[in-house]
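Structural description and commentary
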Amino acid sequence: MAGLSCGIVGLPNVGKSTLFNALTKKAAQAANYPFCTIDPNVGIVDVPDPRLAALSKLSKSRKLVPATITFVDIAGLVKGASEGEGLGNQFLTNIRETDAIVHVVRCFQDDDVIHVAGKVDPIADIEVINLELILSDMQMAENIANRLEKQMKGKKELVPVAATMRKALAHLNQNKPLRTLTLTDEEREFIQEYPFLTDKKVLYACNVAESSLPSMDNELVQKVRAYAAAEGNSVVPICAKLEEEVAQFTDAEAVDFLKSLGLEETGLNRLIKAAYDILGLISYLTTGEIETRAWTIRRGTKAPEAAGKIHTDIQKGFIRAEVVSYQEMLACQGRAGARDAGKLRAEGKDYVVQDGDVIEFLHN
């Protein structure tokens with residue numbers, strides 16, 4: 001995994017492009033009418049990690065390399081998109097390639113910003129998009145099942161895969177996303193072979209008005225929270241308009257401005273943390289004179305696989321990992337100090353890497 005990628009979806013005029021501009025400080029055209037975003041805009045954003053600067057001071061690193069997250073702003077969906085309405089199926093391909101979906105939902109009232117359905121109802125909005133994703137997945141599951149059933153005459157191993165596809169199709173036919181389908185471990189593996197849209201984790205970004213600051217809570221946000229909880233998904237309330245303003249400031253100015261509003265951090269930081277969380281991702285760190293860098297891995301990754309993120313040769317020739325926790329690295333003023341204090345650990349092939357581990361890999 002080179003980095004995390006999130007597709008940003010939402011109905012027209014929910015604040016999607018405004019949020020994208022803020023996230024990437026990149027000017028995607030934002031206008032008060034549907035379909036102003038035709039091609040997906042892509043922005044690569046650094047994952048904020050204050051540990052890097054602290055470590056690089058100790059190591060006198062020449063450069064810092066944070067982990068990155070890619071945001072893909074996908075054309076505003078409309079009802080009937082899976083049948084080719086609006087921009088049709090083109091946007092679906094863009095979502096299929098992402099790790100998670102950030103679904104921007106309008107949770108503010110504003111007579112000056114038109115709503116495609118004429119009234120603000122976040123749950124109805126969510127369901128319009130979910131239905132389009134379900135319809136698209138139904139088409140894909142049907143095609144896969146038909147193909148497998150033709151092929152399985154001579155290949156017995158395809159029988160359970162085809163059966164799983166039929167099970168998925170039956171679930172989708174009830175207007176239910178695949179992430180709510182109960183599967184055995186084996187069935188789950190079959191499903192994960194295919195880029196189903198409704199199997200992806202969803203982060204609902206509730207776009208609120210500035211009048212909802214600093215709590216960012218209102219009746220509409222509460223409705224979305226209840227809906228997301230039932231699906232096992234997460235909610236991050238965000239004020240896209242505010243984020244766009246903050247994006248123009250320097251880091252120091254942004255901190256002061258947010259504090260004046262009673263906020264601790266930007267919506268971008270909260271969104272990235274939540275995305276890491278729902279995908280079960282963590283970062284381990286490497287540091288030296290050349291660079292201090294964050295590497296993204298899945299929670300539960302063992303040391304050799306984590307080493308493979310740096311280079312496959314390190315994974316193949318893995319001998320051991322010399323590990324210090326970030327906190328101990330700081331407390332002991334570096335690797336040499338940690339070694340002297342007995343805080344440097346030699347870990348083998350079965351070691352499960354933890355968030356914030358500072359690692360040096362030894363290999364053949």
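Reference entry: report on the structure contained in this document. Since this is a predicted model, take the numbers as computed values, not measurements. (Residues numbered from 1 in each chain as written. Predicted model: local features only at pLDDT ≥ 70, side-chain atom pairs only at ≥ 80, totals over all residues. Heavy atoms only, no water.)

1. Examining the packing of aromatic side chains
Enumeration according to the criterion identifies six aromatic pairs in this entry. Consider the rings of Y284 and F361, whose centres lie 5.9 Å apart with planes at 85 degrees: the pair is edge-to-face. Of this pair, Y284 sits in strand β8 (residues 281–287) while F361 sits in strand β12 (residues 357–363), and the two are 77 residues apart along the sequence. Residue classification places Y284 among the buried positions, given a relative accessible area of 0%. On the basis of relative accessible area, F361 is assigned to the buried category, the value being 11%. (Phe/Tyr/Trp six-rings, centres within 6.5 Å; stacked < 30°, edge-to-face > 60°. Helix = DSSP H or I, 4+ residues; strand = E, 2+ residues; numbered from the N terminus. Buried < 20%, exposed > 50% of the residue type's maximum accessible area, 1.4 Å probe, protein only.)

2. Details of helix α1 (residues 16–24)
An α-helix turns once per 3.6 residues; consequently, residues spaced three or four apart project the same way. A large share of α1 lies buried, amounting to nine of its nine residues. Just downstream of α1 lies K25, where phi reads positive at about 50 degrees.

3. A closer look at the sheet that holds strand β1 (residues 4–9)
Taken together, six strands build an open sheet; the order of strands is β2-β4-β1-β5-β6-β7 and the sheet is mixed. Bordering the open sheet on either side are β2 (41–46) and β7 (234–238), each of which pairs with just one other strand. Sheet twist, expressed as the mean angle between neighbouring strand axes with direction ignored, is 25 degrees. In terms of strand pairing, β1 meets strand β5 (residues 100–106) through four bridges, oriented parallel. Within the sheet, the bridge partner assigned to G7 lies in β5 and is I101. Contacts from helix α10 (residues 267–278) reach β1, β2, β4 (68–73), β5, β6 (201–207) and β7, with the element oriented near 175 degrees to β7. (Pairing = 2+ DSSP bridges. Axes fitted to C-alpha atoms, helices over the stretch in contact; angles between N-to-C directions. Contact = heavy atoms within 4.5 Å.)

4. Notes on the pattern of salt bridges
All told, the structure shown has 16 salt bridges when counted by the stated rule. Between E142 and R166 there is a salt bridge, with the nearest N and O atoms lying 3.4 Å from each other. Note that E142 is positioned in helix α4 (residues 122–151) and R166 in helix α5 (residues 159–173), a separation of 24 residues in sequence. Across the pair R179 and E231 runs a salt bridge whose closest N-O atoms are separated by 3.3 Å. Of the two residues, R179 sits in the loop between α5 and α6 (185–192) while E231 sits in helix α7 (residues 219–231), which places them 52 residues apart along the sequence. Residue R179 shares its accessibility class with E231, and that shared class is buried. Residues participating in the shared-partner salt-bridge network are D49, R51 and D355. (Salt bridge = Lys/Arg side-chain N within 4 Å of Asp/Glu carboxyl O.)

5. Section: the side chain of R106
Tracing the backbone through its elements, the reader meets R106 in strand β5. At 3.1 Å, the side chain of R106 and the backbone oxygen of F108 are in polar contact. (Polar contact = N/O pair within 3.5 Å; in protein donor to acceptor, adjacent residues only side chain to side chain.)

6. Topic: a negative patch on the surface
Taken together, the side chains of D185, E186, E189 and E193 present a region of like negative charge at the surface. Overall, the relative accessible area of 49% leaves E186 in the partly exposed class. (Patch = residues over 30% accessible without salt bridge, like charges linked within 9 Å, V, L, I, M, F, W, Y side chains within 5 Å. Areas by Shrake-Rupley, 256 points an atom, 1.4 Å probe, with all protein chains shown as cover. Lys, Arg positive; Asp, Glu negative; His and termini not counted. Charge placed at Lys NZ, Arg CZ, Asp CG, Glu CD.)

7. A few points about the nonpolar core
Counting 73 residues, the largest nonpolar core has I69, F71, Y204, V224 and L271 as its most contacted members. Looking at which element gives the most residues to this core, the answer is α10, with seven residues. Formed by 20 residues, the second largest nonpolar core is a distinct cluster that contains A141, I144, A145 and L169. (Core = buried A, V, L, I, M, F, W, Y, C linked by side-chain atoms within 4.5 Å.)

8. Regarding the packing of α4 against α5
The N-to-C vectors of α4 and α5 enclose an angle of 155 degrees; their axes lie 9 Å apart at closest approach. The orientation of α4 with respect to α5, classified from their angle, is roughly antiparallel. As for how α4 packs across α5, the hand of that crossing is left-handed. The residues of α5 that touch α4, namely those facing I134, D137, M138, A141, E142, I144, A145, N146, L148 and E149, are V161, A162, M165, R166, L169, L172 and N173. For the contact of α4 with α5, the per-class residue count stands at 11 nonpolar, two polar and four charged. (Parallel < 35°, antiparallel > 145°, perpendicular 65-115°, else oblique. Left-handed = near helix turned anticlockwise from the far one by under 90°. Nonpolar A, V, L, I, M, F, W, Y, C, P; charged D, E, K, R; others polar.)

9. Details of the side chain of T98
Here T98 lies in the loop between α3 (90–96) and β5. What makes T98 buried here is its relative accessible area of 5%. Contacts of T98, omitting those with residues within four sequence positions, involve S5, C6, G7, V72 and K200.

10. Looking at the pairing of β1
Most of β1 is tucked away: six of the six residues are buried. By the alternation rule, side chains of β1 split into L4, C6 and I8 and S5, G7 and V9, which are all buried. Relative to β4, β1 runs parallel, the two being bridged by five bridges. Within the sheet, the bridge partner assigned to C6 lies in β4 and is F71.

11. Notes on the state of the cysteines
Summed over the entire model, instances satisfying the criterion amount to zero disulfides. C107 provides the cysteine sulfur closest to C206, a residue in no disulfide bond, and the two sulfurs are 3.9 Å apart. Residue classification places C206 among the buried residues on the basis of a relative accessible area of 0%. (Disulfide = S-S within 2.5 Å.)

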